[in-house]
Amino acid sequence: MVYGGRTKTMNLEIKDLTVRLYPKKYAGGYINVIDSVDLYVNGGEIAAVVGESGSGKSFLGLSIMRLNPPDVSEVVSGFVKIRCPAEKEALDIIRLNPKNLPSVRGRLVSIVFQDPNTSLNPVIKIGEQITEAIFAHKKMGKPEAKEIAISYLNRMNIDGKARFNAYPHELSGGMRQRVMIAMAMVLNPCFLIADEPTTALDVTTSLQVLSLIEKIKIESNLGIIFITHDLSIAKNISDKIYVFYAGQVMESGKTGEIMDNPLHPYTVSLINSVPSLAADYMPKQKLFTIPGYLTRDDFAEGKCRFYARCFKRDENCLKNIPLNEISGGRFVRCVKWKKK
Amino acid sequence: MRQMEKEIILNVLNLSKHYKYYKSIFDIKRDVIKAVDDITFGVFRNEIFAVVGETGCGKSTLAKLITGLISKTSGDIYYDGELLDYKDKKKNFRKKIQIVFQDPYSSLNPKKKIYKIISYPAVKNNIIKKKDRPDFAASLLKNVGLDEEILYGYPHELSGGQRQRVGIARSLSVGPELLILDEPVSALDMSISAQVLNLLMDLQAYDKMSYIFITHDLKIVRHIADRVCVMYGGKIMEISPSADFFKEPAHPYSTILYNSMLPYKFKKQLNFTDLNGKNTVPGLIGKEKGAEKGCAYFKKCYASKEICGKNEPPLKDVGNNRMASCFFPFTHQGL
Ligand SMILES: Nc1ncnc2c1ncn2[C@@H]1O[C@H](COP(=O)(O)OP(=O)(O)OP(=O)(O)O)[C@@H](O)[C@H]1O
Ligand SMILES: Nc1ncnc2c1ncn2[C@@H]1O[C@H](COP(=O)(O)OP(=O)(O)OP(=O)(O)O)[C@@H](O)[C@H]1O
Ligand code: SF4
Ligand SMILES: [Mg+2]
Ligand SMILES: [Mg+2]
């Protein structure tokens, strides 16, 4: 398989991206579901976006592809610039003419959706869905496309030949997810947004999929935005972590630095709420939880977005908190991060 | 818990589900997938019975068989000593056994408001009146850590985790005795997963509920389960009390699962070999051609000897209330 060794400068840069959501039931009201997000990922690098359910991770992924629902949301500021060897100059997806979007999606930047059931067509054979994705961008013969599709399925540990003609419902949840990944990768994009790609997989398959992503990353110098709610996966696969809460980056930096020395109260709480396999661990105890849950109110202006659930909060947190660079490449959005 | 106090609530006897499918449109021969293949086990009242195993091993198929969502190929299921037959309306099995699905997206009706979704089973089973639906749903939402504000919303307005908790609330609405939880927290973030696990442990302790808890996260199994059932290729490999399992797994496949979690470190150069170093044949889990007679795990097993390819090891007692289907249990590699 030839992936075209890309060595030239490749990066995806998100700056000050703000996306407004106008939920229908709040007539006239809105929230910034994505709020001044900065993110940077090089070719050959994995940036993990880790955060709570409902914090807007999928919305971020969709907005980068300009796939955010147009009836209820709009981008109000920022840019998403992609530099890819296939293009002469950097492309700002946010300002791209909508008619050019189809040629960018899948080819420059591709996405594995979180929900395999709404993105796989239930009445079309999985093999054909993959070859369709190829034909949308490339002219080639059917047998050739079929061969590529089968090889990508095999790489996902699915017997491509035997399952080419299977319908999505004939596969287990995990297999469907792997078909999705094969489909996203088949055009050899420069950047991949993977929205919870291993959430539905078991440990052994998950390891294989992660190692496959790693492998393709190296071969194609692929840059990956890896969306997950699982810190232990982020820890193991990523170069950088962006800890996300209620539409904002709360903390970001090199993976090792964040895991070894979390500074934001939210990151600290997350690390503490996972059961462990350590020998001295006591099962059946109450797990540490972050009180309450993410609500729409957390997206409101004029206070720290984590305020309602934070164990460190005080009156100083009742204002908009900026994201501060506290050392080279390490950012924290908290006024009290220093005090342990 | 002493052995004699335990009372079996669910008994599964020689249960099988075989799917037939065409290999290709030109090939009229049909292949059979033995998604669940002749399995037998019992679940005790008030216990958390965890089912683990890799993707495609038949966990969801088992869940669907127990809840009557698909028909079995052969075998029997007994609930509380009575033959489980959902058509027998008098027995109210639908009220006693509820399922929470793996997939929070397709399991909720997109056209219905949240409070209707949650209270639907309760209305249908005449537990509440239609006019009481919003209040009833609100109290269930609180139980699963969700705000009332979503009562009149629709599923598509919720995030994945929020939808999964709506699914749990709906299952709790009829006051079931046995919950089948198919990957109930794998789509949830960590802090909410902790809340849901705490909630499930509370329900078990105070409402005397029993669970079949399907998951692939051994960290969670260790934390919550009383017993662990390991499946591979539609077969049961091992059933052990959780505490013993995490001290020393009995089946070689359990050992592989266990090693892959401890410590869960991403192995950069896995290169599609099995975790035990052998090349994985991409393809169907389950019995491979030529291994029809032997152990389901034979081809990938590090402890296998000649007999494993010839005879099928039965699920049998290996001491300490543990069962394993292996000729050479407690053979460890790299432990
Ligand atoms: N089409 C929509 N209409 C209204 N609100 C929406 C819509 N899609 C998403 N939302 C809301 O936007 C917020 C962010 O949702 P998003 O799906 O991005 O969360 P997420 O971080 O991906 O969560 P999860 O981990 O559960 O997938 C949520 O509060 C959700 O309820
Ligand atoms: N309707 C169907 N037709 C044909 N084969 C099926 C059908 N449903 C399931 N299978 C097959 O049965 C096997 C077991 O599937 P099942 O969904 O029970 O796996 P699982 O253990 O739940 O996996 P996962 O962890 O991925 O959810 C798989 O090989 C699957 O492809
Ligand atoms: S700013 Fe205040 S409320 Fe926000 S995380 Fe820091 S301490 Fe907590
Ligand atoms: Mg999401
Ligand atoms: Mg399943």
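Parameters at a glance
- Residues numbered from 1 in each chain as written.
- Chains lettered and ligands numbered in written order.
- Predicted model: local features only at pLDDT ≥ 70, side-chain atom pairs only at ≥ 80, totals over all residues.
- Heavy atoms only, no water.
- Pairing = 2+ DSSP bridges.
- Helix = DSSP H or I, 4+ residues; strand = E, 2+ residues; numbered from the N terminus.
- Near = heavy atom within 4 Å.
- Nonpolar A, V, L, I, M, F, W, Y, C, P; charged D, E, K, R; others polar.
- pLDDT = per-residue confidence, 0-100.
- Contact = heavy atoms within 4.5 Å.
- Polar contact = N/O pair within 3.5 Å; in protein donor to acceptor, adjacent residues only side chain to side chain.
- Areas by Shrake-Rupley, 256 points an atom, 1.4 Å probe, with all protein chains shown as cover.

Let's talk about the pairing of strand E1 (residues 11-21) of chain A
Residues and elements named next belong to chain A.
Then step 1. Pairing between E1 and strand E4 (residues 73-83): nine bridges, direction antiparallel. Residue Arg20 lies in a different strand from E4, and its bridge partner there is Glu74.
Then step 2. Relative to strand E2 (residues 31-42), E1 runs antiparallel, the two sharing eight bridges. Bridging across to E2, Ile14 finds its partner in Leu39.

A word on the site of ligand 3
Then step 1. The full set of residues close to ligand 3 is His264(A), Pro265(A), Cys304(A), Tyr307(A), Cys310(A), Lys312(A), Arg313(A), Cys317(A), Cys334(A), Val335(A) and Lys336(A).
Then step 2. A class-by-class count of the residues in the shell around ligand 3 yields seven nonpolar, one polar and three charged.

Quick notes on the confidence of the model for chain B
Residues and elements named next belong to chain B.
Then step 1. Averaged over all residues, the pLDDT of chain B is 84; the fraction at 70 or higher stands at 84%.
Then step 2. Of the regions scoring below 50 in pLDDT, residues 263-291 engages in 84 contacts with residues more than four places distant in sequence or in other chains.
Then step 3. The complex prediction reports pTM at 0.75, with the ipTM value standing at 0.78.

Observations regarding the environment of Ser60(B)
Residues and elements named next belong to chain B.
Then step 1. Summarising the element assignment, Ser60 is placed in helix H1 (residues 59-66).
Then step 2. Sequence spacing of Ser60 and Glu183 is 123 residues, and the spatial spacing of their C-alpha atoms is 9.0 Å.
Then step 3. Residue contacts for Ser60: discarding those within four places in its chain leaves Gln102 and Asp182.
Then step 4. A polar side-chain atom of Ser60 sits 2.7 Å from a polar atom in the side chain of Asp182.

A closer look at the site of ligand 2
Then step 1. Every one of the 19 residues lining ligand 2 counts as a neighbour, but Thr55(B), Gly56(B), Lys59(B), Ser60(B) and Thr61(B) are closest to it.
Then step 2. Flanking ligand 2 are residues from chains A and B.
Then step 3. Within the complex, the protein chains bury 91% of what would otherwise be the 640 Å² of accessible surface of ligand 2.
Then step 4. Every element with two or more residues in the shell around ligand 2 is listed here: helix H7 (173-185) of chain A together with strand E2 (27-44) and H1 of chain B.
Then step 5. For the shell around ligand 2, a count of residues per class yields six nonpolar, ten polar and three charged.

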